[in-house]
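Below are the chains, spelled out letter by letter.
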Amino acid sequence: MRPSTTVNAICGESASAPALISGRPYPFRVHSSRQPVIPARTPCRDDLTRAAPHAPHTAGATAPRLPMEAQFSPAQQRAYQTVLRSLSVGNIVHLWGGDGLGKTTLLRELHRQQGGTFLNMRDFIDRLQSRHPLAIEETFERMVMDALREHDTVILDDLHLIIRVVSGCSGGYPRSGLLEAPAMTIAAYVVETGKRLVVGADYGLPDAFQQRGYGACIDDFEAEDYDFLCHRMLDAEVADRLEYPRIFRFASHLDGHQLAGACRWLRQEPELDTERFIEYLRSQGLNSNVDLEEVQQVALQDLKGCEEVIRSLEANIVVPLEQDELAMQLGLKAKRGVLLAGPPGTGKTTVGRALAHRLRGKFFLVDGTVISGTQSFYGRVHQIFQAAKENAPSVIFIDDSDVIFESGEELGLYRYLLTMLDGLESESNQRVCVMLTAMDVANIPPALLRSGRIELWLEMRLPDEAAREEILRQHLAGLPAELDQPDLQPLVAATNGFTGADLKRLVEDGKNLYAYDRVQKQPLRSLTDYFLQAVEGVTANRRKYAEAEAHARAQRAQQRPGFGIRAGYGASEPD
């Protein structure tokens, strides 16, 4: 997915005088990352489209212009008008936007209307085949300069594919930065001769183009763009039935490719409606980083003994995300920050599995596979957060967050979460729920837990007697019918203090003990005896774990003072 862009147009200095929009100089600056830097005052759309652009000169005859509204979605139309406005006052124009927003479509139409020549990466590769593989810059300069000598207007698409190779970001390209030299030659020639160069790229251009050029951005699609594109790809009667504001609220960062894929799949369904369209989008997982085929199938209702927690999760997270119409009517939003605390084995991670299956493409996971302290950690976390924001409303589930923070040295993620939870980066953060699980709340920085950041504090408690009986009954349900069913009462009485994971373990161990005696042709006892023997084994393991945990806590206490939140799972919410 693309980075979210809200810039409508950014202009740069020409070779001779500062370029003006709305009467003020406007530097075209693009950050070294993909995201364009938004200047102090972004010109509004009306600044760039209020006046009809001057008719630019053309190379040869131009085709008759079709009504703009018949060709482009509203976002594309605004960008196209900005390109025309920019061409009326400058020689170099940069059209940018994320994948699937229609850059190539706009540039092809510009070529049809304005004439000149159209270059893309196929032309570049064809030229590069006859040259040394490292002669990228020379090939680029020769291709563009040859085109400029023959045509007054040159349109170059997908320049970012070359920039990715030669920018040196990966550290493997030996001529990093050299592209600036041919870019300077090209830019100077364009300005001196009065010719025009239009470049399509996802993000930053060489400085020589930036300093002499104007910019036009295709905004992220809105509901009106979904409406336009779906009407282009579905029968009018079917497209008219769809409620695009609802579809947009469910998936607010779809691009043209994703919408086209959905329409192709659904166009054969004569009864297609909004619910079915959203159901299809949900089934595709959108951009969730979780492979559901690898996640144990479990539902929230399968968790026993934590009904209050489940009810709170349903009300504060699931309903605002799933019940779209009700959420729009009442202005419902998922809680911004949720802490799910409890001893090991009480079902915190299982809650995450259940939410992953329930929310599908709205669920994003940060767990042990994203290893804190590694070189790629922050990059991977940022990618996950960006994908969640682009699919908002959504949930980011950070499993075992206390383990990440227990050293007291993980300040980068700490500050990043503070920014996210305070909603300082963008409005879309308000529609992202960050859910943390923790065994030891004392390891989490206190500032993360204060009221207003963690809006919902839930405690996973040890199952009581009734819950233990229900959990055991659930795990024993798969026993063959010919076997005597164990007596649950002795097992329930012997497992006081067991977690749900402990109960699952004792059932598995009891079945193993029974199977061993059966294979060894030993006299068979009642199943209840085998499970009671398994209780002893699980109890011994729990004792060893407690001793190891106490030793680890003592060592950590000597190494650092901790974050100062008292441990325990009945703790009140800190200030």
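Refer to the structure presented above.
The structure displayed is predicted, hence computed values, not measured ones.

(A) Geometry of the sheet that holds strand β12 (residues 456–459). If you walk across this open sheet you meet the 5 strands as β9-β10-β11-β8-β12, and the pairing is parallel. Whereas interior strands pair on both sides, the edge strands pair on one side only; in this sheet they are β9 (363–366) and β12. Neighbour-to-neighbour, the strand axes of this sheet turn through a mean angle of 20 degrees, independent of strand direction. The pairing of β9 with strand β10 (residues 394–398) spans 4 bridges and is classified as parallel.

(B) Inspection of the sheet that holds strand β5 (residues 153–156) at higher detail. As summarised here, the arrangement of the 5 strands in space is β4-β5-β6-β3-β7, forming an open sheet in which the pairing is parallel. Of all strands in the sheet, those bounded by a partner on one side alone are β4 (117–119) and β7 (213–217). The mean angle between the axes of side-by-side strands here comes to 20 degrees, regardless of whether they run parallel or antiparallel. As judged from the 3 bridges shared by β4 and β5, these two strands associate in the parallel manner. Counted as the bridge partner of Leu-119 is Leu-156 from β5. Each of β4, β5 and β6 (196–200) is contacted by helix α6 (residues 136–150), which is oriented at about 145 degrees to β5, the strand it contacts most.

(C) The arrangement of the packing of helix α18 (residues 377–390) against helix α20 (residues 411–422) in detail. The contact between α18 and α20 brings their axes to 11 Å, and the two run at 15 degrees. The angle between α18 and α20 places the two elements in the roughly parallel class. The interaxial crossing formed by α18 with α20 has right-handed handedness. Across from Phe-377, Tyr-378, Val-381, His-382, Phe-385 and Lys-389 in α18, the residues of α20 making contact are Gly-412, Leu-413, Tyr-416, Leu-417 and Met-420. Of the residues in the contact of α18 with α20, the class split is 8 nonpolar, 2 polar and 1 charged.

(D) Summary view of a negative patch on the surface. Residues Glu-307, Asp-464, Glu-465 and Glu-470 make up a contiguous surface patch of negative charge. Tracing the sequence through the fold places Asp-464 in the loop between β12 and α22 (465–476). Judged by relative accessible area, which is 48%, Asp-464 ranks as partly exposed.

(E) Highlighting the packing of aromatic side chains. Under the criterion given, the structure shown has 6 aromatic pairs. Centroid distance Phe-72 to Tyr-80: 5.0 Å. Interplanar angle 50 degrees. Geometry classified as tilted. An identical accessibility class is assigned to Phe-72 and Tyr-80; each is buried. The ring of Tyr-530 carries the charged tip of Arg-525 above its face, separated from the ring centre by 4.3 Å.

(F) Spatial organisation of the environment of Leu-106. With respect to the helices and strands, the residue Leu-106 is situated in helix α4 (residues 103–114). Residues within four places of Leu-106 in sequence aside, it is in contact with Phe-72, Gln-76, Ala-79, Tyr-80, Leu-95 and Ile-218.

(G) Representation of the pairing of β12. Burial along β12 is two-sided: Leu-456 and Leu-458 facing one way and Trp-457 and Glu-459 facing the other are all buried. Bridge count between strand β8 (residues 337–341) and β12: 4 bridges; the pairing is parallel. In the strand pairing of β12, Val-338 is matched with Leu-456.

(H) Structural context of the side chain of Thr-346. Along the polypeptide, Thr-346 turns up in the loop between β8 and α17 (348–359). Its relative accessible area of 10% is what places Thr-346 among the buried residues. A distance of 2.7 Å separates a polar atom in the side chain of Thr-346 from the backbone oxygen of Pro-343.

(I) A look at the nonpolar core. The biggest cluster of nonpolar side chains holds 43 residues, and the ones touching the most others in it are Phe-277 and Leu-281. Those elements giving two or more residues to this core turn out to be α3 (74–89), β3 (92–96), α4, α10 (223–233), α11 (236–241), α12 (244–250), α13 (256–266) and α14 (274–283). Element by element, the count of residues in this core is highest for α3, at 6 residues.

(J) Structural view of unusual backbone geometry. Backbone geometry places Asp-158, a non-glycine residue, at a positive phi of 60 degrees. Within the fold, Asp-158 resides in the loop between β5 and α7 (160–166). For Lys-521, which is not glycine, the phi torsion reads 55 degrees and is therefore positive. Mapping Lys-521 onto the fold places it in the loop between α24 (500–519) and α25 (527–559).

Definitions and cut-offs
- Residues numbered from 1 in each chain as written.
- Predicted model: local features only at pLDDT ≥ 70, side-chain atom pairs only at ≥ 80, totals over all residues.
- Heavy atoms only, no water.
- Pairing = 2+ DSSP bridges.
- Helix = DSSP H or I, 4+ residues; strand = E, 2+ residues; numbered from the N terminus.
- Axes fitted to C-alpha atoms, helices over the stretch in contact; angles between N-to-C directions.
- Contact = heavy atoms within 4.5 Å.
- Parallel < 35°, antiparallel > 145°, perpendicular 65-115°, else oblique.
- Left-handed = near helix turned anticlockwise from the far one by under 90°.
- Nonpolar A, V, L, I, M, F, W, Y, C, P; charged D, E, K, R; others polar.
- Patch = residues over 30% accessible without salt bridge, like charges linked within 9 Å, V, L, I, M, F, W, Y side chains within 5 Å.
- Areas by Shrake-Rupley, 256 points an atom, 1.4 Å probe, with all protein chains shown as cover.
- Salt bridge = Lys/Arg side-chain N within 4 Å of Asp/Glu carboxyl O.
- Lys, Arg positive; Asp, Glu negative; His and termini not counted.
- Charge placed at Lys NZ, Arg CZ, Asp CG, Glu CD.
- Buried < 20%, exposed > 50% of the residue type's maximum accessible area, 1.4 Å probe, protein only.
- Phe/Tyr/Trp six-rings, centres within 6.5 Å; stacked < 30°, edge-to-face > 60°.
- Lys NZ or Arg CZ within 6 Å of the ring centre and 35° of its normal.
- Polar contact = N/O pair within 3.5 Å; in protein donor to acceptor, adjacent residues only side chain to side chain.
- Core = buried A, V, L, I, M, F, W, Y, C linked by side-chain atoms within 4.5 Å.

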